Structure formats: C-alpha cells, structure tokens
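Each chain, letter by letter, is given below.
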Amino acid sequence: MDIAMDTANEFAKSALGLVWQQLVDLFEYSSNIKDLEERVENIKNERIVIQSRVTAAERNGERIFTHVIKWLDDSKSLLEEAEKFLNEEIKADTHVWHLGSRYKLSAKAKQKILVVEQLLGTCKTFNVISENVPPPPIELASDETRSAFGSRKEILAKIVDNLKDDRVPMIGIYGLAGVGKTTFVKQIGERLQSERLFDHIMIFTVSQTPDILKIQDRIAEVIGAKTFDEKTTEGRASRLHAILNQMLKHGKKILVIVDDIWETLNLRENIGIPVGCKFMLTSRQEGVCQQMGSQHNYMLRGLNDGESWSLFENIVGHNAVKHPHRHQIAVKTVKACGGLPLALNVIASLLRNNNNIYCWQDAVAKLRWNDLAQNLTESLKLSYEFLEKESAAQELLLLCSLFPEDYEIHINDLLTWGLGLGLFRDVASLDASFVRVHARVEYLKSSSLLLDVEGKNCVKMHDVVREFTLKVAREQHKTFVGTGEELISWKESDTVNYISLHGDNMNVFNDKLEYPNLKLLYLRGTLSRNLSSSILGTVFGMMKMITVLSFFKVTLNQLPPSFEHLKHLRTLTLVSCILGDIRIIGELRSLRILNLSRSTLSELPIEFEKLHNLLFLDLTGCLNLAIVPSRVLHGMRQLEGLHMSRDLVYGGIYKLGDASLEHLRFCSQLVTLEVHIVDIKHWPKGVVFSKLRRFKISVGSEFHFSEPYACSSKLILLKDLTRSSLEHGLNGLLKIAEEIIIENVNGFQNDLYHNLDRAHVCNLKYLSIARFEEIQYVVDTTEIDPCVVFPLLKILKINDLDNFYEICHGKPLEGSFGKLEELRVSNLPKLMNVWKSPIEYALLPMLRVLNIEQCHRLKNIFTLSKSGDLSQLRHLEVCSCEAIEEIIDSEDGSRMLEFVFHELHSLLLLSLPKLKTFMPIGRPSPTIADVGTHIKGSLFDGKVAFPNLKDMHLKNLDSVGQIWTNSFRVGVTLPLLDKLEVEGLPNLMHVWSIDSPESIPLSSLTRLTIENCPINEVVLAQEEDTAGSIEFLRLEYLRLDHLRNLKSFYAGQGNCALFNEKVRLPALKDLWVQELYNIKVLWCPKHPVESPTFHHLKILRVHALPKLEYLFDGKVCVTLM
C-alpha cells in the first residue's frame, strides 16, 4: 500500500511539474520570442566578427581550424531555421487565444534559444581560429636521379646560403637546355621546405609565351587564397600584391621560384609579387637573369663523367652494359651526351630493354662530338623515330605540342582529340580507346618524352622536347602554332593539317582562303572578345574536312550557319566558354565527342536528341545548366560516357529539369559516369549499369575534396544522408567501388563494416569516414563469423566521430588490413586504442604513414608483443592528444631486449602534455645522473633504435624531463638524424647528458633548434673535471631561442661563455641566438684561434641577450673573417 501511495505521489508530482512547465511556457510566449530575436541578432553579429577574422586569416594564407568552419556552418543553418520560424510560423500565428498553438511555439522558441546560447558560448572560446599552412610539397625528380648529381652539392650549398642571406633578394641559375635547371631548383626548394626556412615556397614556369592568368592562379593556390573574382591580369595582380604584402608585414618569409624566363618580366606589375619576397630565377641566358636584377648568378654545368655513367647505367640496367661491345658503345654514347641529364634520359630510355647491338651502334653513329645541342636533338629524334612501331604514340606526342608550354595536358583531351582524328582505328569503343591512350601515354612517359603530373590525370612536356616535337609537327604535319597576328601572314593555309591559335585576336580567318586539309583547329582565348557570326562568317565552310574543333575560353553568342558544313566533325570541345545559341550542334550527325565542361549555358537544346552517334558527353561544371530535356538522353542511345558531376574547383549542383536520372536507363552502353545527386531518391531504381567500369558519384550535400580524387576510377561520395536512402540503387556500385568517402549518414550504428555490408568493402582501397554520431568501430569482428576484412585497403582516414572507440574491435583473421599503407585519425574524443587486437591477428605489415590528432582519451598508440613490429613505418606524427602517456606499449607486460623502427624517416610528437616515454620496454634503472636532474620522465631509452630517422620534432611535452637516458647512445641508435627540433618542454634541463664525448657522435645532424625550454645547458657532462671536447661535424644551422636559464652550450670545463673551448662546430654556417637572459659572452676567450669551430659561419642573428657584454673579441674576429 505504501509503495502504491509513493508511486502515486511521484506520478502526481511529475504530472504537476509537467503542467506547471507548460503553463510557464505559455505565459512566457512573448518573452521567449523576444529573447530568441535578440539572440538571433547576437549570433548574426558574432558570425560577422568571426567571418571577418576568417577572411583575414585566409588572406594571410593560413588554414582555418575545422571546428571554426563547423561553427560557421552550424550557425548559418541555425539562423536560417530561426529566421524561418520567426518570419513564417510566428507571423502566421493569428490564433491569439489558441493556447495549444501558443504553448507549442513558445516551447519551440525556448529550445532554439538553448541551441543559440550553446553556439554563442562555443564561439567565445575561439581565441585562435587558424594556423600556418605548410608549403605544398614540391614535385621532384626520383631519389636515384638526385643521388647521381653529387657534383652539384657545392653550388647547391652556395645558393642555399644566398637564399638565407637577407641582403640577397634575388639569385639566378642559368645553363644549357636539358642541363636540369628545373629539377635542380625543385631540389633546392625541397631542402628549404624541409628546413622550414620559408613559410611559403611557390614555383611557376614563365616560358616563351607566359600565361599570366595561370601563374596568378598557381600563386593563389600556394598561399591559400580564394578563387579570384577579378577577371583581368591587372586586377588579379593588384589583389595578389595586397595579399602578399600583408603576409610580409606579418613576418611571413616567401620564396618565389621563377622557372624558364626568356625575357625581362615585371613581376610586380604583371603578376603582383611585391618587393620583399625572395626570388630564384632560371634561364638559358645569364643576361636575362642580370636584366631581371639578379647580381648573384650561377651557371649550372653538365654532370661529370662518373655521374653521367651512373645515370645512364641505372636506366638501361647494369647487365645491359656488361657486354663488351655494348659497353664500348655505351661509353661513347654517354660521352657524346655531354652530361646533359635530358639527353642521357632520352637515349638510355630508348636503349633500355633493347639488346640488339646494331640498334646501339646506330644510335651512337648519329651523335656528334662537341655539339651538345645537336646531340640533344639527335637523341630526341632517335627516340621519336623509334616510336614508329607505336604510331598512335607518335601522333599523341605531336598533339601535346599544340598545347601551350608547361601546360598540364589532361589525358582526356588526348583521348577525345585522338578519337576525333581516328588515331585508334582498330578499336571501336570509348572504353577500348581509353585503355589505348593511357597505355600509349605510359609508353611516352617511360621514354622520357612526357612528364607525369603527380596527383592529376595529366602530363607535361619538357620545353626542349616540345621545341623538337613542334618542329617535327610543322615539317611533317603542316602544323601552325601561334597567335592570330602570326596566322595572318602565314601562306600555307591550303596545306595545313593542324592549327593551334592562342590569344585574343581571333578575327584572322580570311573567307577567301580555304583550308581543305585542316583536320584540327584549337582556339585558346581569354573570354575578352565575342566570336560572333560576323567574325567567323563562312569560315567553317572552308574547313569541310575538319574532324576536331576545340575552343577554350571563347565567347560565342551564336554559332554561325557555316557550322552545318562540318559533316566530318567527330570531336567538339567548348570548354570554359560563354555560350549562347548552340542549337546547330544538333545537325552534326557524325559527332562522337561533345565536351561543354565549365561553360556557361542554361539548357541543352532539344536538337541534341539527333546526336545518335554520340559516345561521350561532358557537362562537368556547367553551373547554370537548368534544363536537360529527357528526349536528349533518350536519343543518345550509343552514349558510353556521361559526366555531369560538379566541378572540383567551382562547385555547384545540376538541376536536371524534366530529365530525371531514370532516363539513364536508355543509356545502356554507359562505361563511365560522373554525376552529383542532391537526393538519392532520384537515383534510378532497378537500373543496372552492367558495363560501367569507371564512375565518380557523389550523393547528398556538396563535397569539398582535393584534386587527387579526380583520378579515381571507382569513387563514391556520400554525405548528409540516411542509411535507408542507400537502398535506392547504389548497392551494385558500392560493391565494386574502390574509394568511398562517407560523411554523416544517419542510421549507421555500431560499426561501418556491417552497415556497408561485407560485399561493399572487399574491393576498397581508400576509405574516409567523418561526422557519424553512432559509429563506434570501423569493424566489429565479434559480431561476424571469422573472415578477412578490408584486404585491399591502402588508405584509411577517420575524422570527427564523437562516439568512436576503436578501429577494429575483436580478432580479425590474418590478412585483414594487410595492404594498409596510410592511417590518419583526427578528433575522436572517445578513442582509447588505435589498435588493440593481438598482433598475430593484424600485423599491418605495409603501414608507412601514421598520423594521430586530437584523440584526448588515447593513452598509447599501439600495443606490441614479441612477435611483431612496424617494419615499414616511415612517418609517425602524434599531436594534441591530452592523455597519451606512451607511444608504444607492451600489451602483455613483457620486456623486449630491443625494438627497432627500421624504416622510420620522420617523427613528430607535438602537444602531448602527459607523454612520459616513447616505449616503456626494457627500461633500465635510472643512473645517478638521471636522478640528479630531477627528471619527470625519459622519452627514449637504450632499447629503442631508429636507424633511418632523419627528422625529429618534439614540441610541448610537459611530462618529459629528459629526452634520452644515458644508456641511449644517440649516435648509434640515430645514425642518420639530420634535423632535431625541441620546443616547449617545461621540465627539460638539458638535451644530452654524456659520460664521454663519444656518447654524442651525431655525425649526420645538420640542423638543431631548441626553443622555450628551461635548460641550463644543451649538453651536460656528468664528470665535468674530465670532460673532453664535443664535436658536431655537420651541424650547419643552430637556433637557441627563448632559453631563459641557459648558461652554456656544453657544461664541461666551466661556463665562461655560451660556447667554451670544448665545443667544436666546424660546419656551422647559420647561428641564431635569441632571448638568452644569462649569457654574458658568446665565445670563450680561451678558444684557440686555429680551431675550425666557426670558420664557416656566414649568418649570425643575436636578439634579446640583456646581459651580453660584447659580441666579439679580437681572437674571435680573426676566426670569423
């Protein structure tokens, strides 16, 4: 009875409380609405402030934090909802005395107030909204090529010294064509980038005909600026100048590498690069460098004999030159190439895999002694003639020369042009042609005639190769490449086969001239002039045999009537054009390829339904396209390729008008498909694309992803959807997809593997997941029968999952994740283990890159047993993880004798306040010296080794009191360490503690930076009375910054100066000392004058040493001279 009464009382209280709350909401209707309006106004103001800070940061080339971008997105959505609520629901509430309606609206307003308050509270924490963006990596030659160029180390060192010198604003590098200037400056750029001497390093090619717009776009990309609103080069130059100037004022250091200059160019007025940037130029002529203002110019000579032979032998193969006769020929061939890397590459690529002695003899017979330019041409000619067996490759190479110099040539352009010209006569389908052109391009790249563009489906031509190829094209194919003015005076219109016309002046075609043999016309404009019917006139009537017509950035308000004469036209590309009336295209019944990508047009004309033979239609990036009539797709029954996806740069979504995707069922021959769908319900049900081999399909909200994804052959992107919506027809494609990017799909629970289905992930090579509320694991093997999971996966990225606990829960079979090379996880607040499974179940034998960020419950990264290691790991970065105590932990408590990271090249441990040790395995008892330093923890002990580590960066490690114990022999366990940065270790007393000078033989260390640490000395000698000299043989750069307690670099034999007589730095070139509050003297007066310690010092920076008595004494001055 008492229980029943208590229950009744509780129920009554609950009911009364609920009623009372409803009454409060009802009576506070007006105040709640008013409060919501005020808070909406507040969040509007906060958005304006934060958006202005974001804009300023972006102008400075900084990267905005993800949580700030998310806040802006969330606040925008909330504002839209709140304003819709206030403007529609509240204003529509005319039932003043309808208490139920009033209560609901008041309660709804109250809920929105809580959300707004939460967002307002969050933005108050935005003290810092951005971070510096590291310079994008510079594409370089292979390691094998660079290793062959040892003779250039001296000139490279001199140039780097110049670039470090603030008094040298510009340097020039000049030399013969093909000598390797571009590769050389990229090598310099890589070194400067790795040394972080510049905040931004940008490189662009000028060439004989500079493309200023392209150069400006490249600079904007490097500094992180948004897409230009300005259309003219002058307007862009003005904006770039303002942005770069602002960056320079904020202390940013900028290096501009200007490659292949032919004549003087005003970088300020033409491009927008201000004074204050550092410049490095390359040219074939020293005089051009001098005219640009460079007073420090270096001639880049050819390779020496040994390097030339090594490069040649590496390409043709050691066994090929072991044959006595071939060896003699090889020696003569290498000698004739005169050390030009391009000539050596081309001729060696030609002879590679060719053991016929007569071919080798024929090759060397055509080379001339003491004529390097001619021999370079002959080597290219030999390689080109060898392509006769691959005639399509030869034709494709000639087509590449029609594009501007240094142009990134999309392979799809070669495909569509090749199809139009009939280069692939023995193949009939688009798919077979796709395979053919890619095979031929690979063949040309292996022949060193084309260059790969990393991360893009593009190739480039070396300027020397282009010059040669263009000469062949002009002689053999009657090709014209030039401007409109040059075409006017050209007298061979009746024999020309190819015309490539660049510039604004298109009013050059003479109606009186005929082009009876013209097969290809490529017009490349700037959108500044309209090619009206009056300008084009009847010119197409004079080009009746043309099969390829390609316009780029041309304004065409109306295609002329003479267009209907193009009965043989098979390829028509109107890319990035402003288009008006294009209905006449429907009369081109022979058309096989139609590319309208990134052009301005509002609808596809109904006349296009007559294009029954069309194989490929590209509408990528047509942002204004609103109508695609259903009859158009219905008529294109032969269509094999359809691209309707949003453009990667400009964004946008297609509106298909009455052409529902259901009409794709008529395109039964589709082999390649790119499309963006806002609502997955529009995906055609029951349509099976049985022939589809390449696809890029994004569904849901707009994606922002980088260029490398554009090269994927089987890519699916899903964002802001529900799980049930995936049942509308993508299952078949998910099963064969190789890359999946998936964000915020509601309804996914527990693990991703189950939600996607086992069949959907068996082919995956790339998987990125983000912003899920319920996903706890990538795979939960406790819920499935034993099987191998993700056997082909190479890259796995996991970001912003609030309830994610572990990648693999349970015990997967051997082979699971067996191909994984790169693992990146970020912002996983509940992640407690990256990899908890026993090592015998998941070895991760191929893992090369591991990046962990903002996982605040994570205490260690991996658990290891005696049976395994991370043998292929090359890059390890762990940052901003508040709970991490160790990087590697022994899962069973066993102590290993030694653990070796054989392939680790770079190690970054940043902002890990609780990190105590790298790996607590076999840790020895602390020595007396260790105890004496009152350490909180030693990061490394003597049982872990990094034989190939080159770069170590330690920052903000609050619990580390000592980097390595005395038993950790740095020179033995880190034999190749090149760069060490130590910053923000508040309990660090010294960097090294040694019992003998031999304890620190860091013979490879070239850069050492120590900042913001309470150290008393950099190197501590345990026995000061018997301490010997220490020597850093190769140390070139030393920075000691904000070390308030520092008394001496080396605490052996007294502390008379920062550098006493026991410190030897024979290679030191750049010394930076700043904010050292206890230093009175830099150099010890006892230091012998004959000592080579500072003989190479070229740059000395001294700032904020308040107790410094003097900079130099007489002895040191003699040394520094």
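Residues numbered from 1 in each chain as written. Predicted model: local features only at pLDDT ≥ 70, side-chain atom pairs only at ≥ 80, totals over all residues. Heavy atoms only, no water.

**Details of the overall build of the protein**
Then comes step 1: Each helix and strand counted, the protein has 29 helices and 50 strands in total.
Then comes step 2: Counting over 1121 residues, the protein shows a buried share of 54%.
Then comes step 3: For the protein, the share of sequence-separated contacts (at least 6 apart) that also reach a separation of at least 24 residues comes to 71%. (Helix = DSSP H or I, 4+ residues; strand = E, 2+ residues; numbered from the N terminus. Buried < 20%, exposed > 50% of the residue type's maximum accessible area, 1.4 Å probe, protein only. Contact = heavy atoms within 4.5 Å.)

**Section: the layout of surface pockets**
Then comes step 1: The space that makes up the second largest pocket amounts to roughly 420 Å³.
Then comes step 2: As for the second largest pocket, its lining consists of 22 residues, of which Gly418, Leu419, Leu421, Gly422 and Leu423 are closest to the centre.
Then comes step 3: Broken down by secondary-structure element, the contributors of at least two residues to the lining of the second largest pocket are α17 (391-400) and α18 (411-421).
Then comes step 4: No other element matches the four residues that α18 contributes to the lining of the second largest pocket. (1 Å grid on protein atoms, 1.4 Å probe; cavity = no way out; pocket = protein on both sides within 12 Å on 5 of 7 lines; lining within 4 Å. Points joined across faces, edges and corners; volume = space filled by probe spheres on them.)

**Description of the sheet that holds strand β27 (residues 775-780)**
Then comes step 1: Across the sheet, three strands lie side by side as β25-β27-β29; this open sheet has parallel pairing. Strands at the two margins of the open sheet, each flanked by one partner only, are β25 (750-751) and β29 (806-809).
Then comes step 2: With three bridges connecting them, β27 and β29 associate as parallel partners. Counted as the bridge partner of Val779 is Cys808 from β29. (Pairing = 2+ DSSP bridges.)

**Overview of the side chain of Gln1074**
Then comes step 1: Its location among the elements puts Gln1074 in strand β49 (residues 1070-1074).
Then comes step 2: Of the polar contacts made by the side chain of Gln1074, one reaches the side chain of Asp1041; its length is 3.4 Å.
Then comes step 3: Excluding residues within four positions of it along the chain, Gln1074 makes contact with Leu1040, Asp1041, His1042, Leu1043, His1103, Ala1104 and Leu1105. (Polar contact = N/O pair within 3.5 Å; in protein donor to acceptor, adjacent residues only side chain to side chain.)

**Quick word on helix α20 (residues 463-476)**
Then comes step 1: Taking 1.5 Å per residue, 14 residues should reach 20 Å; α20 reaches 20 Å between its end C-alpha atoms and fits that length.
Then comes step 2: What α20 keeps buried is the set Asp463, Val464, Val465, Arg466, Phe468, Thr469, Leu470, Val472 and Ala473.
Then comes step 3: After α20 finishes, the residue Lys478 shows a positive phi value of roughly 45°. (Expected span 1.5 Å × (residues − 1).)

**Re the confidence of the model for the protein**
Then comes step 1: A residue-level look at the protein finds 78% of positions with pLDDT of 70 or above and a mean pLDDT of 78.
Then comes step 2: The model gives residues 1-27 a pLDDT under 50, and that stretch makes eleven contacts with residues more than four places away or in other chains.
Then comes step 3: When the criterion is pLDDT under 50, residues 140-148 qualifies, and its contacts beyond four places in sequence or with other chains add up to nine contacts. (pLDDT = per-residue confidence, 0-100.)

**What to know about the sheet that holds strand β6 (residues 278-283)**
Then comes step 1: Ordered by their spatial adjacency, five strands build an open sheet running β4-β5-β6-β3-β7, and the pairing between neighbours is parallel. Two strands bound the open sheet, and with one partner strand each, they are β4 (200-205) and β7 (296-299). Ignoring which end each strand starts from, the neighbouring axes of this sheet average 15° apart.
Then comes step 2: The strands touched by helix α6 (residues 153-164) within the sheet are β3 (170-174), β5 (254-261), β6 and β7, with β7 carrying the most contacts at an inclination of about 165°. (Axes fitted to C-alpha atoms, helices over the stretch in contact; angles between N-to-C directions.)

**Structural notes on a nonpolar patch on the surface**
Then comes step 1: There is a patch of nonpolar side chains on the surface, built from Val1102, Leu1111 and Phe1112 and spanning about 200 Å² of accessible area.
Then comes step 2: Structurally, the position occupied by Leu1111 is in the loop between β50 (1099-1103) and α29 (1114-1120). (Patch = residues over 30% accessible without salt bridge, like charges linked within 9 Å, V, L, I, M, F, W, Y side chains within 5 Å. Areas by Shrake-Rupley, 256 points an atom, 1.4 Å probe, with all protein chains shown as cover. Salt bridge = Lys/Arg side-chain N within 4 Å of Asp/Glu carboxyl O.)

**Considering a positive patch on the surface**
Then comes step 1: Together, Arg857, Lys859, Lys914 and Lys916 make up a positively charged patch on the protein surface.
Then comes step 2: Summarising the element assignment, Lys859 is placed in the loop between β31 (849-853) and β32 (862-864).
Then comes step 3: Exposure remark for Lys859: the relative accessible area of 46% places this residue in the partly exposed category. (Lys, Arg positive; Asp, Glu negative; His and termini not counted. Charge placed at Lys NZ, Arg CZ, Asp CG, Glu CD.)

**Some remarks on the pattern of salt bridges**
Then comes step 1: Throughout the structure, instances matching the rule amount to 26 salt bridges.
Then comes step 2: The shortest N-O distance in the salt bridge between Arg589 and Glu587 comes to 3.6 Å.
Then comes step 3: As a salt-bridge pair, Arg771 and Glu743 come within 3.5 Å of each other at their nearest N and O atoms. With Arg771 in the loop between β26 (766-770) and β27 and Glu743 in strand β24 (residues 739-746), this residue pair connects regions lying 28 residues apart in the sequence.
Then comes step 4: We classify Arg771 as partly exposed; its relative accessible area is 31%.

**Considering the packing of α17 against α18**
Then comes step 1: Between α17 and α18, whose axes approach to 11 Å, the crossing angle comes to 120°. Overall, the two elements α17 and α18 adopt an arrangement that is oblique. Taken as a pair, α17 and α18 cross one another with a handedness that is right-handed. Of the residues in α18, those touching α17 at Leu396, Leu399 and Cys400 are Leu414, Trp417, Gly418 and Leu421.
Then comes step 2: Partitioning the contact of α17 with α18 into residue classes produces six nonpolar, one polar and no charged. (Parallel < 35°, antiparallel > 145°, perpendicular 65-115°, else oblique. Left-handed = near helix turned anticlockwise from the far one by under 90°. Nonpolar A, V, L, I, M, F, W, Y, C, P; charged D, E, K, R; others polar.)

**Regarding the packing of helix α12 (residues 305-316) against helix α13 (residues 324-336)**
Then comes step 1: α13 packs onto α12 with a crossing angle of 120° between their chain directions and a minimal axis gap of 10 Å. Classified by the interaxial angle, the pair formed by α12 and α13 is oblique. Here the hand of the crossing between α12 and α13 comes out right-handed. Between α12 and α13, the contacting residues are Asp305, Ser308, Trp309 and Phe312 on the first element and His327, Ala330, Val331, Thr333, Val334 and Lys335 on the second.
Then comes step 2: Here the residues of the contact of α12 with α13 are counted per class, giving five nonpolar, three polar and two charged.

**Considering the side chain of Arg326**
Then comes step 1: Position of Arg326 relative to the elements: it lies in helix α13.
Then comes step 2: Buried within the structure, Arg326 lacks any salt-bridge partner; its nearest side chain of opposite charge belongs to Glu313, at an N-O separation of 11 Å.
Then comes step 3: If sequence neighbours within four positions are ignored, Arg326 has contacts with Asn319, Ala320, Asn355, Ile357 and Trp360.

**Considerations on the pairing of strand β13 (residues 520-524)**
Then comes step 1: The buried fraction of β13 amounts to five of the five residues, a majority that puts the element mostly inside the structure.
Then comes step 2: Covered by surrounding structure in β13 are Leu520, Tyr522 and Arg524 together with Leu521 and Leu523, the residues of both alternating faces.
Then comes step 3: Sheet analysis places strand β12 (residues 498-502) next to β13, joined by five bridges and oriented parallel. From the neighbouring strand, Leu501 faces β13, where its bridge partner is Leu523.
Then comes step 4: Strand direction decides the pairing type here: β13 and strand β14 (residues 548-552), joined by five bridges, are parallel. Looking across to β14, one finds that Tyr522 is bridged to Ser550.

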